Structures are given as C-alpha cells and as structure tokens.
Amino acid sequence: MAEMLRVRLGTRLPVYLPQRITPELIHILSHFKEKASEVGVKQFVIQTHFESAMEVTPEVKLAIEKIINAGWTITNQHVFTAASSRRG
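Quick summary incoming for the structure in this document. Note that the coordinates shown come from a computational prediction; the quantities given were computed from them, not determined experimentally.

### Comments concerning the overall build of the chain
(1) Moving on: Helices and strands together make up the secondary structure of the chain, namely 4 helices and 3 strands.
(2) Moving on: N-terminal to C-terminal, the α/β element order of the chain is β-α-α-β-α-β-α.
(3) Moving on: Considering the chain as a whole, with its 88 residues, one finds that 28% of them fall into the buried category.
(4) Moving on: Here the analysis covers contacts within the chain between residues at least 6 apart in sequence; of these, 81% occur between residues at least 24 apart.
(5) Moving on: Summed over its atoms, the accessible surface of the chain is roughly 6,200 Å², and 60% of this surface lies on carbon and sulfur atoms.

### What about the nonpolar core?
(1) Moving on: Core analysis: the biggest nonpolar cluster contains 12 residues, these being V7, I21, I26, L29, A36, V41, F44, I46, A63, I67, A70 and W72.
(2) Moving on: For this core, the elements supplying multiple residues, two or more each, are α2 (23–38), β2 (43–48) and α3 (58–69).
(3) Moving on: No other element matches α2, which puts 3 residues into this core.
(4) Moving on: When residues no more than four places from it in sequence are discounted, the contact partners of A63 are P18 and I21.

### Focus on the environment of N69
(1) Moving on: Its place among the elements puts N69 in helix α3.
(2) Moving on: The sequence separation of N69 and S30 amounts to 39 residues, and the corresponding C-alpha distance is 8.9 Å.

### Quick notes on the sheet that holds strand β3 (residues 73–76)
(1) Moving on: What the 3 strands build is an open sheet, ordered β1-β2-β3; its pairing is parallel. Looking at the sheet topology across the chains shown, the edges are occupied by β1 (6–11) and β3. The mean inter-strand angle of the sheet, taken between neighbouring strand axes irrespective of direction, is 25°.
(2) Moving on: Pairing of β1 with β2, which is carried by 6 bridges, proceeds in the parallel orientation. Paired with T11 across the two strands is T48, which belongs to β2.

### Observations concerning the environment of P23
(1) Moving on: Its location among the elements puts P23 in helix α2.
(2) Moving on: C-alpha of P23 to C-alpha of I67: the two residues are 44 residues apart in sequence and 10.0 Å apart in space.

### Here's the deal with the side chain of R12
(1) Moving on: With respect to the helices and strands, the residue R12 is situated in the loop between β1 and α1 (13–16).
(2) Moving on: What R12 contacts, discounting residues up to four positions off in sequence, is H49, F50, E51 and E55.

### Examining the packing of aromatic side chains
(1) Moving on: This model, assessed by the stated rule, comprises 3 aromatic pairs.
(2) Moving on: Considering the side-chain rings of F32 and F44, the 6.3 Å spacing of their centres and the 85° angle between planes classify their relative orientation as edge-to-face. Here F32 is found in helix α2, whereas its partner F44 is found in strand β2, with 12 residues between them in sequence.
(3) Moving on: Ring-pair connections join several aromatic residues into one group, and the members of that group are F32, F44 and W72.

Procedures and definitions
- Residues numbered from 1 in each chain as written.
- Predicted model: local features only at pLDDT ≥ 70, side-chain atom pairs only at ≥ 80, totals over all residues.
- Heavy atoms only, no water.
- Helix = DSSP H or I, 4+ residues; strand = E, 2+ residues; numbered from the N terminus.
- Buried < 20%, exposed > 50% of the residue type's maximum accessible area, 1.4 Å probe, protein only.
- Contact = heavy atoms within 4.5 Å.
- Areas by Shrake-Rupley, 256 points an atom, 1.4 Å probe, with all protein chains shown as cover.
- Core = buried A, V, L, I, M, F, W, Y, C linked by side-chain atoms within 4.5 Å.
- Pairing = 2+ DSSP bridges.
- Axes fitted to C-alpha atoms, helices over the stretch in contact; angles between N-to-C directions.
- Phe/Tyr/Trp six-rings, centres within 6.5 Å; stacked < 30°, edge-to-face > 60°.

Written out as structure tokens, the structure reads:
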C-alpha cells in the first residue's frame, strides 16, 4: 500500500482573485489539513505561480497570510519566459 506524505495544490488563484481566499475556503483548508494529518499526511503545500513581484499587492499578501495561518506552506513555481523576464 502506498503512503501519501504530501498534498500539493497548484494555483494562480491568490494572484488573480485574492478576494476568493475567503474565511470559508480557509476553514476548508484547515479542516482538510487536520483530518489528513490524522491519517499520516505530513506536508501541505500550495504552489502558486507568480510571474513577477509586481503581482504581489496588499490584497495578495493578505490572502497568502491567511493560507499560511491555516497551516499550509506556500511555494512558488515560475517558468522563465522572455515576456515575463522583461517585466522585472
């Protein structure tokens, strides 16, 4: 039987729609983490896809802080392209 050690969700939601990081969503994430931890899952990661530091607005910062406070780790994956590299 395989053992699941990590749950990783990839999303640009915090970048494009930080207002969708609602108290209800945070509750769902917290509850899921609690239940999954009980069965042995050890890592909970939300992988964002920010393309530039210019995408980090005060609303985005608040959304990310809410996710972190729910016990999830935030990472970022960025694919370097000519267009995104020119933006800074």
